[in-house]
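A closer look at the structure
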Amino acid sequence: MSVLPFTAPEAYVSGVFAAGEPDALSLCFVFQQTLLLTTDDPPGVRLPQHGELARFGAAPLRRIYLGTLGERACYAYEYDANTEAPAGTRWHGLRGLYGRLDDAQFALAGRALQLVDWDRTHRFCGCCGTTMQHRGSERAKECPACGFIAYPRIAPAVMCLIRRGREILLARSPRFAPGVYSALAGFVEPGETLEQCLAREVQEETGIKIANARYFASQPWPFPHSLMIAFVADYAGGEITPAPDEIEDAQWFALDALPNLPAKISIARRLIDSIVDEMRRS
Ligand SMILES: [Zn+2]
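Throughout what follows, the structure given in this document is the object of discussion. (Residues numbered from 1 in each chain as written. Predicted model: local features only at pLDDT ≥ 70, side-chain atom pairs only at ≥ 80, totals over all residues. Heavy atoms only, no water.)

1. With respect to the layout of surface pockets
One simple way to see leftover space: roll a probe sized like a water molecule over the atoms. For the largest pocket, the calculated volume is near 990 Å³. Along the wall of the largest pocket there are 33 residues; nearest its centre are M159, R175, F176, A185 and W221. Secondary-structure elements contributing two or more residues to the lining of the largest pocket are β11 (155–164), β12 (167–172), β13 (184–187), α2 (194–206), β14 (209–221), β15 (226–237) and α3 (267–281). Considering each element in turn, the lining of the largest pocket owes the most residues, four residues, to β13. A breakdown of the residues in the lining of the largest pocket according to their chemical character gives 21 nonpolar, six polar and six charged. A volume near 400 Å³ is recorded for the second largest pocket. (1 Å grid on protein atoms, 1.4 Å probe; cavity = no way out; pocket = protein on both sides within 12 Å on 5 of 7 lines; lining within 4 Å. Points joined across faces, edges and corners; volume = space filled by probe spheres on them. Helix = DSSP H or I, 4+ residues; strand = E, 2+ residues; numbered from the N terminus. Nonpolar A, V, L, I, M, F, W, Y, C, P; charged D, E, K, R; others polar.)

2. Examining α2
Taking 1.5 Å of rise per residue, 13 residues should cover 18 Å, and α2 covers 18 Å from first to last C-alpha, within 8% of that figure. C197, L198, R200, E201, V202, E205 and T206 are the residues of α2 that are buried. The elements touched by buried residues of α2 are β11, β12, β13, β14, β15 and β16 (249–254). Looking one or two residues past α2, G207 carries a phi angle of roughly 75°, positive in sign. (Expected span 1.5 Å × (residues − 1). Buried < 20%, exposed > 50% of the residue type's maximum accessible area, 1.4 Å probe, protein only. Contact = heavy atoms within 4.5 Å.)

3. Describing the packing of aromatic side chains
Following the criterion strictly, the structure yields 12 aromatic pairs and no others. Taking the centre distance of 6.4 Å and the plane angle of 40° together, the rings of Y75 and Y77 count as tilted. Relative accessible area serves as the criterion here: at 2%, Y75 is assigned to the buried category. Taking the relative accessible area as the measure of exposure, Y77 reaches 3% and is therefore buried. Each residue in the set F6, Y98, F106, W221 and F223 is aromatic and connected to the rest through ring pairs, giving one cluster. Over the face of the ring belonging to W118 we find K141, whose NZ or CZ atom lies 6.0 Å from the ring centre. A cation over an aromatic ring shows up here: R164 above the ring of Y235, its NZ or CZ 5.4 Å from the ring centre. (Phe/Tyr/Trp six-rings, centres within 6.5 Å; stacked < 30°, edge-to-face > 60°. Lys NZ or Arg CZ within 6 Å of the ring centre and 35° of its normal.)

Written as C-alpha cells, this is what we have:
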C-alpha cells in the first residue's frame, strides 16, 4: 500500500526548537487562516523559501519551528487575514494542492496547518486567562501563572467498512458531495475504546451490529485536527435504520454496482478500494 496523504515523510525529523534563525533556504509553510501560500513555478507550484518572505510588507502573527525535511529547516507562519499575497504567489486551500505540491511538503503542510491553528486558539490559559508560553521541553504551551499545560489537539475518529457476503455497507451524510457514499465514521468519546466506539457509531448511524473488527490503517486528517483510524468489520445483525440528520441514506452495495466514492486523498477511499479489491479476488 502506498503511503497515505498526510503521513509524516521519511525524510522529516520533528523538532520543537530551532538551533538558530531561519536561513534563506528554509522551507516556509505560510498560512492565512486555513489558506497556504504557494509560489507559482510553472507548470506547478512550490512552497516559498524564507528568503522570499521579505516581500511581505507585514510581520507574521506567529512563527512555529517544525523540524527538518532532509537538510532544510521547516517553519510554519501565519499572516493576518488582510495581508495580500506578494506578486507571483497565491493563497490556496490545502486540499486543492494534493497532487500539485510535492507529497512530503503536502504532508508537512497538514501538520503545519494544525499547529498554527492550535497556537492561535491556545493563546490564553483555559483555567486563568493568562497568556500562554511555548514550553521549553516539548510541543506544548504552558501557563506561567497556574502551570496549566495545553498540548496540540488531536481528535481520534474511527471509520468502519462493513462486509456482508459480497456486499459492503456505505452511507451518505448530508455534508457529502451529491451522489457520494462512504464508510461510516465518528469521533471517539472519552472513556471508550476504539472497538467500543466503532460498535456504537455503527449502531447509532445505521442500526447495524458488527463483529470481527480488524484494524486497517490510520491517517492524520488536518481538517481541522482528526486522526482517522480505519477498520473493516463483518455484519452481525440488524436492519438498516439511518440516523435522522446524520445519515441521509445507507445501503448494501454489490461490488459491481458501487456508487460515487470519496476522493483519493482520504483514508475512506483507500479503505473501500482495498477491501473491495480483496473481496473481488477471494
Ligand atoms: Zn493559568
